[in-house]
Amino acid sequence: MKNIKVPRLSASTWRYYRLSVGIATLGVFVALPAVAEAQTQNTTVQSVIGSTISLTTNGTVSLNATPTGSGVQTIGSDTVSVSTNDSAGYTLKLAESGASQNMVSGANTIAPSTGTQASPVAETASSWGYRVDGVGGFGAGPTTSASNQAIGTTTFAAVPATASPSTLKTTATTASNDATTVWYGLAASTSVPTGTYTNTVTYTATGN
Amino acid sequence: MRVFPRVRPVALLGAALAAAVAVSVGSVHASSIPPDNTAITISPASSAPSLKPGGSQLYNISVLNNGNTSYNARLYSEPYNVVGINYDPSFSQLPGTVNAASWVKLSKQTIFVPAHETVVVPYTLAIPANTTPGGYYAVIFVETKPPKVSNVQAQNRVGDILYITAQGPVRTGGKIIGTPLPHITSATNLELSLEVSDTGSLHYLTKANISVINLFGKDVFTGSFERYVLPQTVRKISTSWKTPSLGIFKVSRQAIVAGHLQSLPDKWVVVIHPWVIVLAVIILALIFSLLILGRRTKR
């Protein structure tokens, strides 16, 4: 094997090399932060949350009745759910969609209750109305569904005309599927001709 | 002797997890919207456009059908105002006022919204050139039709309230108004409120703060509320404070009214719940009885 000759360096040359290495090392440490700083970037992540309001209902309520001479009563419910991110909450109102407060089947009608939300009344044969437990003068309830039962003492009100809706609920904060149960009752005797009687109501939800 | 098989802990954990998944899946089904239900969402729920008289601007309203049934929806605008200090919304035009709803020109009056889809409807807001600077209010309604014929059929209607500013020199002003607070209360929930008025011709967004501190200066309740206040109206802002059983508290109320911070004088409220009074009476009665008994014994 051939021997490799390592040249001998003078003392001054070694001093020069040590000084160079030192300066180079110092330079690395000085340069590194500058290089690291140059690699740093700030990004602002931004999201704009828009205001929304939602309304969900059953869509329809069936109040089928098989009347008797003295009258029967059927009670059904609609679940009205509102969601909103308005921090002032929402107001939910109910009113007639059309000009008539009657339930209509061709030329035949079922009159609305004579009660109001402030002063509801028990139904009499051949009338219909709504109620919301704990609202206005309706009392705490609880109201339950019924089918062809004897006409009871649960109070109902006429669905108000389009121009003067009733306020069913007002809240003061955001809402997620906040539900209100709206009950509808129909009392019918054999004086009501057979037919499919209908009425269209409008629920309105707006932010406060 | 009967031998029961050893159940491995891993099998027990797996069974528990399976049960939890089954319950959660059942819960998911229970919370989904039934097929006949009508569900409508709009965005925004309110907006505050500001234009010069004679100016116009294009905006959008998004209608989302988050139900399982497609439907036709009707769009239209109506006036908006409020009644009373509780701001009950009203959609009829006040006598002698400008009908700002007529400034809204919708690009479509009826739309078809498929289930689980969003329809964006552009509209133009155009303020007539001769409009007096100030605040004007309208609401854009989106209304669904009932899904099918039944005894009671429901139309769902949601509104985007427009707080419109007709730019120009306007009169602003208002004040914060205190509402009564009891000196002593036994209520478990105490209503804390204030009222703000707008005496100018333009609406403003007030930020109200209601806070309660105890005798040691510790915050026991803080509420912050942002509300629009319409011109020539007074709006009540209220919240409910669940009171501790016993204590003396200082209630502070302030609001930014037409850009200026106004504060009400602080009020001190003493809270004593009924059971505390009953307990105190019992303790006093016991002490009194012991004193009487002690005197009789000495004799």
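Residues numbered from 1 in each chain as written. Chains lettered and ligands numbered in written order. Predicted model: local features only at pLDDT ≥ 70, side-chain atom pairs only at ≥ 80, totals over all residues. Heavy atoms only, no water.

1. Details of the overall build of chain B
Basically, it comes down to this: Strands are runs of DSSP state E lasting at least 2 residues, helices are runs of H or I lasting at least 4, and numbering of each runs from the N terminus. Residue contacts follow a heavy-atom distance rule, with two residues in contact if any of their heavy atoms lie within 4.5 Å. All accessible areas in this document rest on Shrake-Rupley with a 1.4 Å probe, and a residue is counted as covered only by the protein chains that are shown.
A tally of regular secondary structure across chain B gives two helices and 21 strands. Considering only contacts in chain B between residues 6 or more positions apart, those separated by 24 or more positions represent 70%. For chain B, the accessible area works out to roughly 16,600 Å², and carbon and sulfur atoms hold 61% of it.

2. Let's talk about the sheet that holds strand β15 (residues 189–198) of chain B
Residues and elements named next belong to chain B. Note the threshold: The pairing criterion for strands is at least two bridges between them, as found by DSSP. A fitted line through C-alpha atoms serves as each axis, taken over the contacting stretch for helices, and the angle formed by two N-to-C directions is quoted from 0 to 180°.
The three strands are arranged β13-β15-β18 in an open sheet whose pairing can be described as antiparallel. Single-partner strands in this sheet number two, and they are β13 (176–178) and β18 (233–242). Neighbour-to-neighbour, the strand axes of the sheet open up by a mean angle of 25 degrees, direction not taken into account. Where β13 lies against β15, three bridges are found, and the strand directions are antiparallel. Across the sheet, residue I177 finds its bridge partner in β15, namely E195.

3. Notes on the interface of chain A and chain B
Interfaces are often sized by the accessible area lost when the parts come together. The condition is simple: Reported buried area values correspond to the accessible surface (1.4 Å probe) lost by two parts on association, with both partners' losses combined. Within this document, salt bridges are pairs made up of a side-chain nitrogen of Lys or Arg and a carboxyl oxygen of Asp or Glu, the two lying within 4 Å of each other. Polar contact is defined as a pair of N or O atoms within 3.5 Å, subject to the rule that within protein one atom must be able to donate a hydrogen and the other to accept it, and that residues adjacent in sequence are counted only when both atoms are side-chain atoms. Under the convention adopted here, Pro, Cys and the residues Ala, Val, Leu, Ile, Met, Phe, Trp and Tyr are nonpolar, Asp, Glu, Lys and Arg are charged, and Gly plus all remaining residues are polar.
If you look at the interface, chain A gives 38 residues, while chain B gives 37 residues. Both sides together, the interface formed by chain A and chain B hides about 3,000 Å², and carbon and sulfur atoms give 48% of it. When residues of chain A are sorted by the area they lose upon contact with chain B, A:S51, A:I53 and A:T60 head the list and together hold 16% of the total. With a shortest N-O distance of 3.0 Å, B:D88 and A:K93 are connected by a salt bridge. The interface formed by chain A and chain B contains 28 residue pairs in polar contact (both at pLDDT 80 or more). Put simply, the parts of the chain that give the side of chain A that touches chain B at least two residues each are β1 (53–57), β2 (60–61), β4 (90–96) and β13 (199–207) of chain A. It is β13(A) that contributes the most residues to the side of chain A that touches chain B, nine residues altogether. Here the side of chain A that touches chain B is composed, by residue class, of 13 nonpolar, 23 polar and two charged. When β1(A) meets strand β1 (residues 38–43) of chain B, the two strands line up antiparallel, connected through five bridges. The residue of β1(B) that forms the bridge with A:S54 is B:T41.

4. Notes on a nonpolar patch on the surface
Condition: Patch membership requires more than 30% relative accessible area and the absence of a salt bridge. Residues of like charge join within 9 Å; the nonpolar side chains Val, Leu, Ile, Met, Phe, Trp and Tyr join within 5 Å.
On the surface, a nonpolar cluster with roughly 620 Å² of combined accessible area is contributed by B:W275, B:L279, B:I283, B:L284, B:I287 and B:L291. On the secondary structure map, B:W275 appears in helix α2 (residues 274–298).

5. Concerning the nonpolar core
Applicable threshold: Buried Ala, Val, Leu, Ile, Met, Phe, Trp, Tyr and Cys residues that are joined via side-chain atoms within 4.5 Å together make up what is termed a nonpolar core. Note on classification: 1.4 Å probe, protein chains only; a residue is buried when its accessible area is under 20% of the maximum for its type, exposed when over 50%, partly exposed between these limits.
In terms of nonpolar packing, the biggest core is built from 60 residues, with A:L55, A:L92, A:W128, A:Y130, A:Y184, A:V201 and A:Y203 touching the most fellow members. It is strand β12 (residues 152–166) of chain B that provides the largest number of residues to this core, a total of six residues. Ranked by size, the runner-up nonpolar core spans 34 residues in total, among them B:Y76, B:F141, B:V196 and B:A255.

6. Considerations on the pattern of salt bridges
All names here are of chain B. Applying the stated criterion across every chain yields a total of six salt bridges over all chains. Across the salt bridge formed by E191 and K236, the nearest N and O atoms sit 3.2 Å from each other. Within this pair, whereas E191 is found in strand β15, its partner K236 is found in strand β18, the two being separated by 45 residues in sequence. A relative accessible area of 43% means that E191 is categorised as partly exposed. Assessed through its relative accessible area of 24%, K236 is described here as partly exposed.

7. Considerations on the packing of aromatic side chains
The description of an aromatic ring pair rests on the distance of the ring centres and on the angle between the ring planes. Residue and element names in this part refer to chain B. Put simply, the rule reads: Classification of ring pairs rests on two measures: the distance between centres of Phe, Tyr or Trp rings, Trp counted by its six-membered ring, which must be within 6.5 Å, and the angle between planes, read as stacked under 30 degrees, edge-to-face over 60 and tilted in between. By definition, being over a ring means that NZ of Lys or CZ of Arg is both within 6 Å of the ring centre and within 35 degrees of the ring normal.
Applying the stated criterion to the full structure yields 10 aromatic pairs over all chains. Aromatic pair Y80 and F91: ring centres 6.4 Å apart, planes at 35 degrees, arrangement tilted. With Y80 in the loop between β5 (71–79) and β6 (81–83) and F91 in the loop between β7 (88–90) and β8 (104–106), this pair connects stretches of sequence that are 11 residues apart. Taking the relative accessible area as the measure of exposure, Y80 reaches 5% and is therefore buried. Ring geometry for Y163 against Y228: centres 4.0 Å apart, planes inclined by 20 degrees, an arrangement best described as stacked. On the criterion of sequence distance, the pair formed by Y163 in strand β12 and Y228 in strand β17 (residues 219–229) is long-range, its members being 65 residues apart. Residue Y163 is classed as buried on the basis of its relative accessible area, which comes to 3%. An aromatic cluster is built from Y76, Y80, F91, Y137, F141, Y163 and Y228, whose rings are joined through pairwise contacts. Here R157 stacks its cationic end above the ring of F141, 3.9 Å away from the centre of that ring.

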